[in-house]
Amino acid sequence: MSSMEALMEKIRSRVDLSKTLLDTAKSVRIGLADKRHSLDIQDKEIYRSCLDKLQASIKVRTTQGLMEKLETIARQMNLESLQNNQPSLNQNQLFITSELFYMDIMIDNNGTVQTVVIHHQIPPKGSVSYTQNCPEIVECLTNHDFKLFVKHLEGLNSVYKLNCGGLMEKSRAWQVLCNLEEDLMRLYKAEQSRSFPKDLNQIIHQTNHGLVEPRAGGLPMKLRIFLSPFQLIDQEEKKMLSLTEKTVISKDLGFSLSVGIESSEVEHV
């Protein structure tokens, strides 16, 4: 008997010992259902961390996949999530909630994000609600830019991270911040009505407020006050970037100030 025939005979003798995929799957399910070994807190954290890494690696292709991805992000940021799906109406709704605001995300059956609305509630009983339409978040979810989506949620959370006592005091933070942003935008537009430079370089360096960028979803309002010429050099393409407002904002060039509310132990402005 040749060595090849001996090898084939050895393989044939092991065929009966191999398990089918169904048998393997059954063994795995039995092992998972075995309650004799209970996970401790550290095991559960490792298990959850592994699941989160798997979730982050999976490419979103379906409506349900997108909603599960957003639910995972919400949980990692200690936020609650709730689904309200109506497939017959081509509507899938996901709420991401905290004590003082909730985000209403509407997704169709094809996985296209239609609208994102943030509601800031004023206790008691949520009698007053400030509604914020967010096309910027729609765009970032459409592009599956989940890192940017996390930044939006972090920005919203930071508004309410104050040392004051109850929900009523914290809820006023959004109203105060909105009034401040509106006042800054009025001053910026009033300055534009006078002898306002058209050159973007002069707007950034020579006007009172620099280049004012309105709030975009959870991202704060910014006052861009300095831009180094060296930042306009594209080292990869070996060329100069065009000095436009879109380029400066999209690439986050220069030095900017973020408008926000800072938590403090003492009262000050």
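Rules used throughout
- Residues numbered from 1 in each chain as written.
- Predicted model: local features only at pLDDT ≥ 70, side-chain atom pairs only at ≥ 80, totals over all residues.
- Heavy atoms only, no water.
- 1 Å grid on protein atoms, 1.4 Å probe; cavity = no way out; pocket = protein on both sides within 12 Å on 5 of 7 lines; lining within 4 Å.
- Points joined across faces, edges and corners; volume = space filled by probe spheres on them.
- Helix = DSSP H or I, 4+ residues; strand = E, 2+ residues; numbered from the N terminus.
- Axes fitted to C-alpha atoms, helices over the stretch in contact; angles between N-to-C directions.
- Parallel < 35°, antiparallel > 145°, perpendicular 65-115°, else oblique.
- Left-handed = near helix turned anticlockwise from the far one by under 90°.
- Contact = heavy atoms within 4.5 Å.
- Nonpolar A, V, L, I, M, F, W, Y, C, P; charged D, E, K, R; others polar.
- Buried < 20%, exposed > 50% of the residue type's maximum accessible area, 1.4 Å probe, protein only.
- Arc of directions from axis to C-beta.
- Expected span 1.5 Å × (residues − 1).
- pLDDT = per-residue confidence, 0-100.
- Polar contact = N/O pair within 3.5 Å; in protein donor to acceptor, adjacent residues only side chain to side chain.

With that settled, the discussion passes to the layout of surface pockets. Counted as a void, the largest pocket has a volume near 650 Å³. Residue assignment for the lining of the largest pocket shows that the elements contributing at least two residues are α5 (135-142), α6 (146-159), β7 (222-226) and α9 (245-250).

A separate point is unusual backbone geometry. Most peptide bonds adopt trans geometry, and most residues besides glycine take a negative phi value. Although it is not a glycine, N78 sits at a positive phi angle of roughly 60°. Topologically, N78 is positioned in the loop between α4 (63-76) and β1 (80-86).

Let us look at the packing of α5 against α6. Axis separation between α5 and α6 bottoms out at 8 Å; the angle between their running directions is 150°. With respect to α6, the axis of α5 lies roughly antiparallel. The element α5 and its partner α6 pack so that their crossing is left-handed. Here E136, I137, C140 and L141 of α5 come into contact with α6, specifically with F146, L148, F149 and H152. Residue composition of the contact of α5 with α6, grouped by class: six nonpolar, one polar and one charged.

Before going further, it helps to examine α5. Because the α-helix completes a turn every 3.6 residues, residues three or four places apart line up on one side. Of the positions making up α5, those classed as buried are I137, V138, C140 and L141. In an axial view of α5, the angular spread of the buried residues amounts to 170°, which keeps them on one side of the axis. Set apart from the buried face of α5 by more than 90 degrees, the exposed residues are P135 and E139. Immediately downstream of α5, the backbone of H144 shows phi near 55°, a positive value.

Now for helix α7 (residues 167-192). Look at α7: 39 Å from first C-alpha to last across 26 residues, which is about the 38 Å you get at 1.5 Å a residue. Every buried residue belonging to α7 is among S171, A173, W174, L177, C178, E181, L184, M185, Y188 and E191, and all of these are buried.

In this section: the packing of α4 against α6. Two elements in contact, α4 and α6, have axes whose closest approach is 11 Å; the angle formed by their N-to-C orientations is 45°. In terms of orientation, α4 and α6 fall into the oblique class. The crossing of α4 and α6 is right-handed. In contact with L66, K69, L70 and I73 of α4, α6 contributes F146, F149, V150 and L153. Its residues assigned to classes, the contact of α4 with α6 shows seven nonpolar, no polar and one charged.

Looking at the secondary structure, you find M106 in strand β3 (residues 101-107). When its relative accessible area of 15% is taken as the criterion, M106 is described as buried. The spatial distance from the C-alpha of M106 to the C-alpha of Q91 is 6.7 Å, given a sequence separation of 15 residues. When neighbours within four sequence positions are excluded, M106 is seen to be in contact with Q91, N92, Q93, T112, V113, Q114 and T115.

Considering every residue of the protein, the mean pLDDT works out to 82; 82% of them sit at 70 or more. Confidence, expressed as mean pLDDT per element, reaches its minimum in the protein at helix α2 (residues 21-33) with 67 and its maximum at α5 with 94.

We now examine the side chain of H209. With respect to the element layout, H209 can be found in the loop between α8 (200-206) and β6 (211-213). A distance of 3.3 Å separates the side chain of H209 from the side chain of E191, its partner in a polar contact. Once you skip the residues sitting within four places of it in the chain, H209 turns out to touch L184, L187, E191, L223 and I225.

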